[in-house]
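# A structural walkthrough
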Amino acid sequence: MPSPGLLVLFGSQTGTAQDVSERLGREARRRRLDCRVQALDSYSVVNLISEPLVIFVCATTGQGDPPDNMKNFWRFIFRKNLPPTSLCQMDFAVLGLGDSSYAKFNFVAKKLHRRLLQLGGSALLPACLGDDQHELGPDAAIDPWLHDLWEKVLGLYPVPPDLGVIPPGVPLPSKFTLRFLPEAPKMCSEEQHMAGADPPGPPSEQQPFLAPMVTNQRVTSPSHFQDVRLIEFDITGSGLSFAAGDVVLIRPQNQASHVQQFCRVLGLDPDQYFTLLPREPGVPCPTQLPQPCSVRHLVSHYLDVASVPRRSFFELLACLSPHELEREKLLQFSAPQGQEELYSYCNRPRRTVLEVLCDFPHTAGAVPADYLLDLIPPIRPRAFSIASSLLAHPSRLQILVAVVRYQTRLKEPRRGLCSSWLASLDPGRGPVQVPLWVRPGSLTFPETPDTPVIMVGPGTGVAPFRAAVQERVARGQTGNFLFFGCRWRDRDFYWESEWLELERKGCLTLFTAFSREQERKVYVQHRLRELGPLVWELLDRRGAYFYLAGNAKGMPADVSEALTSVFQEEGGLSGPDAANYLARLQRMMRFQSETWA
């Protein structure tokens with residue numbers, strides 16, 4: 001009798017939901033369950049009515065939005081004409097991934113769980129709500145939930161007694177095989193792949209636009225602790241279109257020194273070519289990789305060796321290790337009871353995949369090349385708020401990039417892969433092209449000419465508001481109020497002359513908070529309180545929209561607290577009524593935020 005089919009469907013924006021889904025797939029196969037793992041929008045949703053067992057893994061993005069690769073599914077599943085018995089044959093479970101610093105924490109998972117029940121589905125468990133803010137990350141909620149899930153599933157579909165569970169130490173087959181070629185191809189497949197044919201539609205993740213970098217300028221003073229860049233791209237002929245609030249996605253590359261070190265530790269020849277073959281029919285090869293492909297291209301453009309490895313990395317590495325002591329340590333890191341030690345070794349100091357492989361040299365040297373794509377996740381694109389408007393800068397796209405560099409207890413400073421790569425590119429030394437594409441952001445601005453907007457953007461959070469101000473000024477929209485905060489007026493006041501000129505012309509009202517220029521630190525939330533009468537007038541009497549962008553740590557909560565205080569003091573509202581007023585603004589999309597960790 002064939003084993004029952006488990007379907008795992010995911011909606012993932014940054015890769016975490018996909019990683020959890022693939023973990024579910026591995027654990028299912030160890031329990032002798034046939035398992036398919038797919039992005040929600042790649043699955044034919046009409047087939048859902050005949051699926052007996054489905055696990056949904058979905059992240060929540062922005063203002064409680066579904067990830068890009070489940071938006072079509074989201075629209076379908078909430079159609080009002082779907083019968084309430086549509087999914088009456090389905091057992092399901094929902095695993096959510098979110099961030100409790102956002103108001104709509106795990107909104108997508110909660111709403112999907114309720115909708116599946118409305119359509120007749122039978123929930124195996126309450127929804128799991130993983131939280132990025134937990135010290136141990138989402139696994140703190142996922143581990144116990146998965147334990148309960150497998151108990152339920154195996155109650156329905158027991159493991160055949162003649163087969164048994166495949167133990168954790170035995171590796172499952174790799175997804176792909178790498179067939180090495182005896183010599184390099186005569187035509188360079190990588191250059192052809194990067195150039196590509198003319199894409200049928202606008203640039204996308206599958207077919208990004210290779211945008212020439214025009215300028216890469218540091219906009220903080222040399223004495224400032226942080227290097228922040230204003231980078232401009234030429235998008236002439238790209239077919240790209242965007243509005244204020246949209247984001248650009250960029251897929252970075254690994255440092256050449258890291259590529260060399262990785263190849264040395266794993267005993268790989270960077271100049272050797274291979275073709276990639278899926279082990280199972282119907283499994284596509286990654287679109288970002290040319291065929292044939294060199295090891296150098298695979299490592300520099302695809303494998304995220306600079307990322308902090310997830311627990312699944314240690315599980316597979318333990319399976320592949322021939323070295324007893326190293327294997328024992330890797331098993332310890334991958335066990336549920338070893339998560340605090342793993343967090344201390346890996347997550348807290350932000351140790352990378354490459355550094356871990358260097359710490360386990362006997363294991364790294366024995367990793368079969370076939371397992372590289374199972375072991376190391378692909379480089380994920382990074383999203384940046386677009387900081388310019390096409391109405392002000394036709395055929396140009398600008399971003400404001402804070403170059404991530406910080407120290408942990410490890411000797412080498414930690415560096416952000418994308419920001420460091422972008423900062424290293426110098427168009428003054430020769431042509432530089434960066435693969436990019438655009439998608440809608442979570443901020444949308446009113447089109448009516450006389451609706452005021454209050455924008456609160458400390459630090460690089462001001463980037464989307466520069467695009468908004470440029471766009472609104474070009475359209476003759478008035479009532480532009482900007483609260484900007486930074487440390488020092490003369491070190492990190494981005495676009496100072498531009499703001500002051502717009503203010504002189506009567507196109508902008510600017511309020512600043514320079515936190516280090518007086519004994520008591522002053523932040524944007526203090527300015528909001530000081531200007532309470534104006535803020536209340538704009539929101540309550542003139543129907544203003546309120547926007548917030550910047551770091552998710554502390555600042556959004558402080559701004560929300562300042563607003564509720566204004567509602568109480570200026571509007572005469574009680575504490576609960578002030579909180580309800582803010583919630584109503586959020587529901588009406590008159591309070592929008594875009595924050596990042």
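Values in this document were obtained by computation on a predicted structure and should not be read as measured data.

### Some remarks on the overall build of the protein chain
- Of the regular secondary structure elements, the protein chain holds 20 helices and 22 strands.
- Over its C-alpha atoms, taken along the principal directions, the protein chain stretches across nearly 75 × 60 × 50 Å.
- Buried positions account for 50% of the 597 residues belonging to the protein chain.
- Pairs at least 24 residues apart make up 76% of the contacts formed inside the protein chain by residues separated by at least 6 positions.
- Element-wise, carbon and sulfur atoms account for 52% of the exposed surface of the protein chain, whose accessible area totals about 27,500 Å².
- For the protein chain, the distance from the average position of its 62 positive side-chain charges to the average position of its 63 negative side-chain charges is 1 Å.

### Some details on the pattern of salt bridges
- Enumeration over the complete set of coordinates arrives at 29 salt bridges.
- One salt bridge in this structure joins Asp-370 and Arg-279, with 3.5 Å as the shortest N-O distance. Taken together, the residues Asp-370 in the loop between helix 12 (361–364) and helix 13 (372–375) and Arg-279 in the loop between strand 11 (273–278) and strand 12 (293–294) connect sequence positions 91 residues apart.
- Take Arg-279: its relative accessible area is 43%, and that puts it in the partly exposed class.
- Arg-414 is paired through a salt bridge with Glu-355; the nearest N and O atoms lie 2.7 Å apart.

### Let's talk about the nonpolar core
- Judged by nonpolar contacts, the single largest core of 41 residues is most densely connected at Phe-262, Leu-298, Leu-303, Phe-313, Phe-314, Leu-372 and Leu-373.
- Among the elements that make up this core, the one with the highest residue count is helix 8 (residues 311–320) (6 residues).
- For Leu-372, the contacting residues outside a window of four places in its chain are Phe-262, Leu-266, Leu-268, Leu-298, Leu-303 and Val-367.
- Core analysis: the second largest hydrophobic core is formed by 28 residues, Phe-445, Trp-495, Leu-502 and Phe-514 among them.

### Here's the deal with unusual backbone geometry
- In the segment running from Gln-291 into Pro-292, the intervening peptide bond is cis, with an omega of -5°.
- Within the element layout of this structure, Pro-292 appears in the loop between strand 11 and strand 12.
- In this structure, Asn-106 takes a positive phi of about 50° despite not being glycine.
- Mapping Asn-106 onto the fold places it in the loop between strand 4 (91–98) and helix 3 (107–118).
- Backbone geometry at Met-589 places phi at a positive 65°, although glycine is not the residue there.
- Tracing the backbone shows Met-589 in the loop between helix 20 (575–587) and strand 22 (591–596).

So, how was this worked out
- Residues numbered from 1 in each chain as written.
- Predicted model: local features only at pLDDT ≥ 70, side-chain atom pairs only at ≥ 80, totals over all residues.
- Heavy atoms only, no water.
- Helix = DSSP H or I, 4+ residues; strand = E, 2+ residues; numbered from the N terminus.
- Buried < 20%, exposed > 50% of the residue type's maximum accessible area, 1.4 Å probe, protein only.
- Contact = heavy atoms within 4.5 Å.
- Areas by Shrake-Rupley, 256 points an atom, 1.4 Å probe, with all protein chains shown as cover.
- Lys, Arg positive; Asp, Glu negative; His and termini not counted.
- Charge placed at Lys NZ, Arg CZ, Asp CG, Glu CD.
- Salt bridge = Lys/Arg side-chain N within 4 Å of Asp/Glu carboxyl O.
- Core = buried A, V, L, I, M, F, W, Y, C linked by side-chain atoms within 4.5 Å.

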